[in-house]
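Structure at a glance
What follows is the residue order along each chain.
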Amino acid sequence: MAGNQQLVEQVMNRLGVVRSSTRIDIARELSAHLEDIVDEECSPGLTGDGIAAAVRERFGMPEEIARDFADAYRVERWAIYAAAVLGLWAVSFLGVWATFISLKAVICATLGRPLLTAFSHLGLQFTNLSSPSLGYLGARAAERHFRKREFVKAVGLNAFLIVLVFALTFHFAQPGHRSWPAVAFLCASLARVLQGLGGKMLPAAAIGALPVAVWFWHGAPFTLVPGAGQAALVAWVGMTLSFLIVASFAGKFEQWLHRKVCANL
Amino acid sequence: MSFDRELLKGSITLLVLKLLSEREMYGYQIIQEASRRSEDAFQFKEGTLYPALHLLESRGYLRSEWRVAKSGRERKYYALTSKGRKMAAKSRGEWKLFTKAVEAVLSNG
């Protein structure tokens, strides 16, 4: 019966992210129950709309049932989500790292320097290049999850992330390099805010990366290219590409979440 | 007569554990049996039973299995685990004490 399927879908759409096997099991069980109600309601001679109304009345509000299921599977939902977010961050970091390594490799090849120079200071690269991902994803996570007092919570979440970045920075970085991750973090958050305002990622990424370029222009340490102007240009291009990559992964992640929620209906 | 929704929701665990302590049942049977024994007083929204069953199963009080029912269709049967049996006994004891205490308050007005 189409009405039954619709009721089950309404529950499943609001269930959140649980394992596929759990979704299949819940949908199957609810469908079986609705089938039994229909059988029972058919006997007094009801037909069509009368049966559908009786089924809906006896079954209850799909929103309420979905909320109760979501509560019952709270731990599972959070575990899946946390693992997925961690995966997203790791993939984003690797994307940013690959971009910068490629840029550095091109510069090394152009300037006739050994290619291995691009791979030097891996610990420093980790702190430097994790900050754009953390900045962008932190801002996006805050928008997604905080419904009440969102600004305060967003500041709290991002303050935690920036402290994490600073802690890593002070462990790995030389004194002259320490402010770079914070600048990258803030620029990535800015890019996300601009994307939210304008809707287009390319201009948001390009404008968001400008403070990095300015920072390099004013003499940030950069050993690969000679001259502040070239260093600023390389940093600006690298950051813009990084923001685009992280935004693309985050978009794909949200599509995956949506597919996961709507799957197996 | 129909009871307050929150009151029913609070006692659904006790009812489920008690009914399943007697025999294995699937969701629809649990509702039918509760309705029959209460002379239709327990008329809760039927879909709300399933999250409660899944929660009890995740806590280890129930186990479940898909089997073919008498109707020839597959249904998910629930049964108590040994942990569930202990919980059923405990819940019943608590309920008796609770109702006794409530009754004492109500009758000594």
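These figures come from a predicted structure and were not determined experimentally. (Residues numbered from 1 in each chain as written. Chains lettered and ligands numbered in written order. Predicted model: local features only at pLDDT ≥ 70, side-chain atom pairs only at ≥ 80, totals over all residues. Heavy atoms only, no water.)

**Considering the environment of methionine 12 of chain A**
Which entries qualify depends on this criterion: Secondary structure elements are defined from DSSP: runs of H or I of at least 4 residues count as helices, runs of E of at least 2 residues count as strands, and each element is numbered from the N terminus.
Within the secondary structure layout, methionine 12 of chain A lies in helix H1 (residues 2–13). With 96 residues separating them along the chain, methionine 12 of chain A and cysteine 108 of chain A place their C-alpha atoms 53 Å apart.

**Describing the interface of chain A and chain B**
To be explicit about the condition: Between two residues, a contact is recorded if the distance between any of their heavy atoms is within 4.5 Å. Definition used for salt bridges: Asp or Glu carboxyl oxygen within 4 Å of a side-chain nitrogen of Lys or Arg. Distance and chemistry together define a polar contact, namely a pair of N or O atoms within 3.5 Å, with one atom able to donate a hydrogen and the other to accept it when in protein, and with adjacent residues in sequence counting only for side-chain atoms on both sides.
Each partner contributes residues to the interface: chain A has 22 residues there, and chain B has 23 residues. On the surface where chain A and chain B come into contact, there are 10 salt bridges. Here arginine 73 of chain B and aspartate 39 of chain A are joined by a salt bridge, their closest N and O atoms 2.4 Å apart. Counting the contacts that link chain A with chain B gives 19 residue pairs in polar contact (both at pLDDT 80 or more). Taken together, the elements giving at least two residues each to the side of chain A that touches chain B come down to helix H2 (20–42), helix H3 (48–59) and helix H4 (62–72) of chain A. With 12 residues, the single largest contributor to the side of chain A that touches chain B is H2 of chain A.

**Let's talk about the packing of aromatic side chains**
Cut-off, in case you're wondering: Any two of the Phe, Tyr and Trp rings considered here, Trp counted by its six-membered ring, make a pair once their centres fall within 6.5 Å; the pair's planes then place it as stacked at under 30 degrees, edge-to-face at over 60, or tilted in between.
A complete count under the given rule lists 7 aromatic pairs over all chains for this structure. Here tryptophan 89 of chain A and phenylalanine 93 of chain A contribute two aromatic rings whose centre-to-centre distance is 5.8 Å and whose plane-to-plane angle is 20 degrees, an arrangement assigned as stacked. Taken together, the positions of tryptophan 89 of chain A and phenylalanine 93 of chain A, both in helix H5 (residues 74–111) and 4 residues apart, correspond to about one turn of that helix. Consider the rings of tyrosine 26 of chain B and tyrosine 77 of chain B, whose centres lie 5.2 Å apart with planes at 85 degrees: the pair is edge-to-face.

**Description of unusual backbone geometry**
Of note in the backbone geometry, glutamate 39 of chain B takes a positive phi value of approximately 50 degrees without being a glycine. Mapped onto the elements, glutamate 39 of chain B comes out in the loop between helix H2 (27–37) and helix H3 (49–58).

**A short note on the sheet that holds strand E2 (residues 62–68) of chain B**
What counts here: A pair of strands counts as paired when DSSP detects no fewer than two bridges linking them. Fitted lines through C-alpha atoms serve as axes, helices being fitted only where they are in contact, and the angles separating the N-to-C directions of these axes extend from 0 to 180 degrees.
Read across the open sheet, the 3 strands follow the order E1-E3-E2 (chain B); overall the sheet is antiparallel. Two strands in the sheet have a free side with no partner beyond their single neighbour: strand E1 (25–26) and E2 of chain B. Note that E2 of chain B and strand E3 (residues 74–80) of chain B share 7 bridges and pair antiparallel. Counted as the bridge partner of arginine 67 of chain B is arginine 75 of chain B from E3 of chain B. Along the sheet, H2 of chain A makes contact with E1, E2 and E3 of chain B, crossing E3 of chain B at roughly 105 degrees.

**Section: the confidence of the model for chain A**
Quick note on the threshold: Values of pLDDT, the confidence the predictor places in each residue, fall between 0 and 100.
Scored by pLDDT, chain A comes out at a mean of 82, with 86% of its residues at no less than 70. For chain A, helix H7 (residues 150–172) of chain A is the element with the lowest average pLDDT, namely 71, and helix H9 (residues 201–208) of chain A is the one with the highest, namely 93.

**Section: the pairing of E3 of chain B**
Residues and elements named next belong to chain B. Stated formally: When a residue's accessible area, from a 1.4 Å probe over protein chains only, is under 20% of the maximum for its type it is buried; when over 50% it is exposed; and in between it is partly exposed.
Burial analysis of E3 places 6 of its 7 residues in the buried class, which makes it a mostly covered element. Taken together, the 2 bridges between E1 and E3 define a ladder with antiparallel strand orientation. From the neighbouring strand, tyrosine 26 faces E3, where its bridge partner is tyrosine 77.

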